[in-house]
Amino acid sequence: MSIENVAIIGLGLLGGSIGLAVKEHAPQIATRGYDANPDVRRIAGERALVGTVCNSASEAVQDADLVILCVPVGAMKAAASDFADSLPDHAIISDVGSSKQSVCEDLAEALPNATIIPAHPVAGTEQSGPEAGFATLFANRWCILTPPAGADEAAVEALADFWRKLGSRIEIMDAEHHDLVLAVTSHIPHLIAYTIVGTASDLEDVTRSEVIKYSAGGFRDFTRIAASDPTMWRDVFLHNKSAVLEMLGRFTEDLTALQRAIRSGDGETLHELFSRTRAIRRGIIEEGQDDERPDFGREH
Ligand code: NAP
């Protein structure tokens, strides 16, 4: 099964980055794209995010071997329904949504006879929109495929091969496990960042200018995550509800244990935890998933 024509629906950070990465790493593959927002389509044309920017989803998917939905997870069903009548029979349908169980269900309802192989490239930034994409977003990052039981193996391999061409490493798991893993590695960290930044901005006895002035003490690193797209993250929490609530329960218990250790002056518990967490950071750097330079390699 060879992929020669790709349609990208949604031309923001993820869709734009896929288009640019194809142009750089697999220029033999033709790309067509569509976004519901006319301003996004105009900027996508100016930045040449895809070979052809189309004025409808139906036009974008004609001749496609692979269609990738790059819209917020709450918009997947509507976006897929939009081109249901124009989809070539042989096309593989995939997506980049941050949660997988609800997307699998929504795509199967919208496109009951299609070959659907959902995916999640675990790569991103706090930026969004058609200006935000770049060709190297997926380099050395994991892309998790969540094929449903009985999925066509040739289609799974064709999709994996496509993502490898863009620089990704491939992992295959079921959608339920994906949602649990990502709840703890991505969704809860975002919720904590949104909470801490929200709490700081609501304080009465510490001024807003003090929060900003002294942010290098740690707060600043949370604000990067808390600046992420509100629509995308609202949808992630509403669609990965049970895994997030499960992990949030665990997190709350651990937080309460720390609260108790601080109150009772139990330095040993605090020190033991803080030593274990340092080792996790070392593991992430050794895996090439972050930069070991100070300030995450930020240029000043
Ligand atoms: P984005 O930059 O906001 O782009 C999404 C685009 O889709 C927007 O231009 C949006 O237009 C458009 N859109 C919305 N509904 C549509 C529809 N029915 N048909 C066509 N276009 C539609 O978002 P993103 O960061 O690329 O995220 C896209 C997906 O990738 C999400 O599912 C997210 O969970 C996933 N993801 C994101 C990251 C990340 O770090 N950002 C990482 C991995 C995966 P409007 O803005 O006008 O609504």
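## Side note on the packing of helix H7 (residues 175-202) against helix H10 (residues 230-239)
Okay, step 1: In contact at an axis separation of 11 Å, H7 and H10 are set at 120 degrees when each is read in the N-to-C sense. The angle between H7 and H10 places the two elements in the oblique class. As for how H7 packs across H10, the hand of that crossing is left-handed. Mapping the contact onto sequence places Ser-186, His-187, His-190, Leu-191 and Tyr-194 in H7 and Trp-233, Val-236 and Phe-237 in H10.
Okay, step 2: Here the residues of the contact of H7 with H10 are counted per class, giving 5 nonpolar, 3 polar and no charged.

## What about the pairing of strand S4 (residues 66-69)?
Okay, step 1: What you see with S4 is no split at all: Leu-66 and Ile-68 on one side and Val-67 and Leu-69 on the other are buried throughout.
Okay, step 2: Each parallel crossover has a hand, and the one from S4 via helix H4 (residues 76-83) to strand S5 (residues 92-95) is right-handed.

## Here's the deal with H7
Okay, step 1: Ala-183 marks the point of greatest bend in H7, at about 55 degrees.
Okay, step 2: For H7, the full list of buried residues reads Ala-175, His-178, Asp-179, Leu-182, Ala-183, Ser-186, His-187, Ile-188, His-190, Ala-193 and Ala-200.
Okay, step 3: The N-cap of H7, judged by a side-chain oxygen 3.2 Å from the amide nitrogen of Glu-176 a few residues on, is Asp-174.

## Quick word on the site of the ligand
Okay, step 1: Close to the ligand lie 28 residues, the nearest being Leu-14, Asp-35, Val-71, Ser-98 and Gly-129.
Okay, step 2: Here an oxygen atom of the ligand and a backbone polar atom of Leu-13 are 2.9 Å apart.
Okay, step 3: In this structure, an oxygen atom belonging to the ligand sits 2.8 Å away from a main-chain N or O atom of Leu-14.
Okay, step 4: Burial of the ligand by the protein amounts to 82% of the accessible area it has alone, namely 900 Å².
Okay, step 5: Counting residues per element, the ones that place at least two in the shell around the ligand are helix H1 (13-25), H4 and strand S7 (119-121).

## Here's the deal with the pattern of salt bridges
Okay, step 1: On inspection of all chains with the given rule, the structure shows 11 salt bridges.
Okay, step 2: Among the salt bridges present, the one from Glu-157 reaches Arg-164, with a minimum N-O distance of 3.2 Å.
Okay, step 3: A relative accessible area of 42% means that Glu-157 is categorised as partly exposed.
Okay, step 4: Of the charged contacts in the structure, one is a salt bridge between Arg-234 and Asp-235, with a shortest N-O distance of 3.0 Å.
Okay, step 5: What makes Asp-235 buried here is its relative accessible area of 5%.

## Re the packing of aromatic side chains
Okay, step 1: Scanning the entire structure with this criterion turns up 3 aromatic pairs.
Okay, step 2: For the ring pair Phe-162 and Trp-163, a centre distance of 5.9 Å and an interplane angle of 80 degrees mean the geometry is edge-to-face. Comparing Phe-162 with Trp-163, the two get one shared label, buried.
Okay, step 3: Each ring, one from Trp-233 and one from Phe-237, has its centre 5.9 Å from the other, and the planes form 40 degrees; the classification is tilted. Of the two residues, Trp-233 and Phe-237 are both situated in helix H10; the distance of 4 residues between them amounts to about one turn of the helix. Of the two residues, Trp-233 and Phe-237, both sit in the buried class.

## Quick notes on the sheet that holds S7
Think of a sheet as strands paired side by side through backbone hydrogen bonds, with each pair either parallel or antiparallel.
Okay, step 1: Judged by pairing direction, the sheet is mixed, and its 3 strands sit side by side in the order S7-S8-S9 without closing on themselves. Each edge of the open sheet carries a strand with a single partner, namely S7 and strand S9 (169-172). Direction aside, the axes of adjacent strands within the sheet are offset by 20 degrees on average.
Okay, step 2: Sheet topology places S7 next to strand S8 (residues 142-145); 3 bridges connect them, and they run antiparallel.

## Remarks on the sheet that holds strand S6 (residues 115-116)
Okay, step 1: Read from one edge of the open sheet, 6 strands run S3-S2-S1-S4-S5-S6, paired in parallel fashion. Two strands lie at the open edges of the sheet, namely strand S3 (52-53) and S6, each paired on one side alone.

## Comments concerning the domain arrangement of the protein
Okay, step 1: Per the domain assignment, the segments of the protein are domain 1 (5-174) and domain 2 (177-291).
Okay, step 2: In this assembly, 20 residues from domain 1 lie in contact with 18 residues from domain 2.
Okay, step 3: Taking both sides of the interface into account, the surface hidden between domain 1 and domain 2 amounts to around 1,700 Å²; carbon and sulfur atoms contribute 53%.
Okay, step 4: Between domain 1 and domain 2 we count 2 salt bridges in total.
Okay, step 5: Glu-126 serves as the salt-bridge partner of Arg-224, at 3.1 Å between the closest nitrogen and oxygen.
Okay, step 6: Summed over the shared surface of domain 1 and domain 2, the number is 12 residue pairs in polar contact (both at pLDDT 80 or more).
Okay, step 7: When contributions to the side of domain 1 that touches domain 2 are tallied by element, the ones reaching two or more residues are helix H5 (101-110) and S8.

Reading guide: rules and limits
Residues numbered from 1 in each chain as written. Predicted model: local features only at pLDDT ≥ 70, side-chain atom pairs only at ≥ 80, totals over all residues. Heavy atoms only, no water. Axes fitted to C-alpha atoms, helices over the stretch in contact; angles between N-to-C directions. Helix = DSSP H or I, 4+ residues; strand = E, 2+ residues; numbered from the N terminus. Parallel < 35°, antiparallel > 145°, perpendicular 65-115°, else oblique. Left-handed = near helix turned anticlockwise from the far one by under 90°. Contact = heavy atoms within 4.5 Å. Nonpolar A, V, L, I, M, F, W, Y, C, P; charged D, E, K, R; others polar. Buried < 20%, exposed > 50% of the residue type's maximum accessible area, 1.4 Å probe, protein only. Right-handed = clockwise from strand over helix to strand, strands pointing away. Bend = angle between axes of the 7 residues up to and from the residue. Polar contact = N/O pair within 3.5 Å; in protein donor to acceptor, adjacent residues only side chain to side chain. Near = heavy atom within 4 Å. Areas by Shrake-Rupley, 256 points an atom, 1.4 Å probe, with all protein chains shown as cover. Salt bridge = Lys/Arg side-chain N within 4 Å of Asp/Glu carboxyl O. Phe/Tyr/Trp six-rings, centres within 6.5 Å; stacked < 30°, edge-to-face > 60°. Pairing = 2+ DSSP bridges. Domains from an automatic or database assignment. Buried area = accessible area lost by both parts, 1.4 Å probe.

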